[in-house]
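In case you want the letters, here they are:
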Amino acid sequence: MKAIFTVALMAIPMFAFAAPHGAHVHGAAELDVVLDGKKILITLESPADNLLGFERAPKSEFEKNKLKDVTQQLQFAANLFAPNAQCQSAKPAVTMPTFGTVTKGGHSDISAEYAFECSNSPSHIKLPLWQTFPGFKNLTVNLVTEKGQKQLKLKPGQVLDLK
C-alpha cells in the first residue's frame, strides 16, 4: 500500500502535462486528490480571489479581518472536505499570499494540503467548500486511486466520486 501511495504522489505532476496546471482563472480551482486505501491526500490550488474576494494587500479593516478569517477557516479540513468514512485529518499545510511581493500580473494564489486517515476506504467526498467559499464556480480534480488516474470537472454542489 505504501508503494502505491508513493507512486500516486509522484504521478500528480504528470497531470501538469495533461492539462495546464496553475492557470489563474477566477472562480476556478484545482484539486489534486490521492486515495490509497484508507488514506487521502488533497492539495488545493486557487486564486486568492475565490476565497478572499481580492488578490492584493488588504486595504480596509473588513479585508484585514477577511484575510484572518479565511486563514483560520483553511486550518479546518471539515470546512472544505467531508469524506464518507470516519476520517481524522492531520494539521494542514496552508500557504497564503505574501502581498508584499510583486507577482506576475498582480495575481495571488492560495494553496493548502490536507491529509486524512480513515477507518475504511471512502467512496466519495462531500465538498462543504462550495458553501464555505462561494467564490468557487468550478473545480478541476486530478484524481489518483489504486484503479488509475482521471481528471474530473465539478460544479457547485457536486460531490467528488472516488470510484
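So, here's what we can say about the structure. Keep in mind that this is a model prediction, so the values were computed, not measured. (Residues numbered from 1 in each chain as written. Predicted model: local features only at pLDDT ≥ 70, side-chain atom pairs only at ≥ 80, totals over all residues. Heavy atoms only, no water.)

### Some details on the pattern of salt bridges
Here is step 1 of the chain: Using the criterion set out here, one finds 2 salt bridges in the structure.
Here is step 2 of the chain: Put simply, Arg56 and Glu63 hold a salt bridge, and the shortest N to O gap is 2.7 Å.
Here is step 3 of the chain: Since its relative accessible area comes to 12%, Glu63 is described here as buried.
Here is step 4 of the chain: Between Glu61 and Lys64 there is a salt bridge; the shortest N-O distance is 3.9 Å. Taken together, the residues Glu61 and Lys64, both in helix α4 (residues 61-73) and 3 residues apart, mark about one turn of the helix. (Salt bridge = Lys/Arg side-chain N within 4 Å of Asp/Glu carboxyl O. Buried < 20%, exposed > 50% of the residue type's maximum accessible area, 1.4 Å probe, protein only. Helix = DSSP H or I, 4+ residues; strand = E, 2+ residues; numbered from the N terminus.)

### A look at the sheet that holds strand β7 (residues 124-126)
Here is step 1 of the chain: Strand order in the open sheet made by the 3 strands is β3-β7-β10, with antiparallel pairing throughout. Here the strands that pair on one side only, and so sit at the sheet edges, are β3 (82-83) and β10 (160-161).
Here is step 2 of the chain: Two elements, β7 and β10, share 2 bridges in a ladder whose sense is antiparallel. Of the residues in β10, the one forming a bridge with Ile125 is Leu160. (Pairing = 2+ DSSP bridges.)

### Some thoughts on the state of the cysteines
Here is step 1 of the chain: Applying the stated criterion across every chain, the model contains 1 disulfide.
Here is step 2 of the chain: Across the disulfide from Cys87 sits Cys118; the S-S distance is 2.0 Å. Residues Cys87 and Cys118 are joined by a disulfide whose S-S torsion is about 100°; by sign, that bridge is right-handed. Of the two residues, Cys87 is situated in strand β4 (residues 87-89) and Cys118 in strand β6 (residues 109-118); the sequence distance between them amounts to 31 residues. (Disulfide = S-S within 2.5 Å.)

### Some thoughts on the packing of aromatic side chains
Here is step 1 of the chain: As enumerated under the stated definition, the model contains 2 aromatic pairs in all.
Here is step 2 of the chain: On the numbers, 5.3 Å between centres and 65° between planes, the contact of Phe81 with Tyr114 is edge-to-face. Within this pair, whereas Phe81 is found in the loop between α4 and β3, its partner Tyr114 is found in strand β6, the two being separated by 33 residues in sequence.
Here is step 3 of the chain: The buried category is assigned to Phe81, whose relative accessible area is 2%.
Here is step 4 of the chain: Residues Phe133 and Phe136 carry aromatic rings whose centres are separated by 6.3 Å and whose planes lie at 90° to one another, so their mutual orientation is edge-to-face. Both residues of the pair, Phe133 and Phe136, count as buried. (Phe/Tyr/Trp six-rings, centres within 6.5 Å; stacked < 30°, edge-to-face > 60°.)

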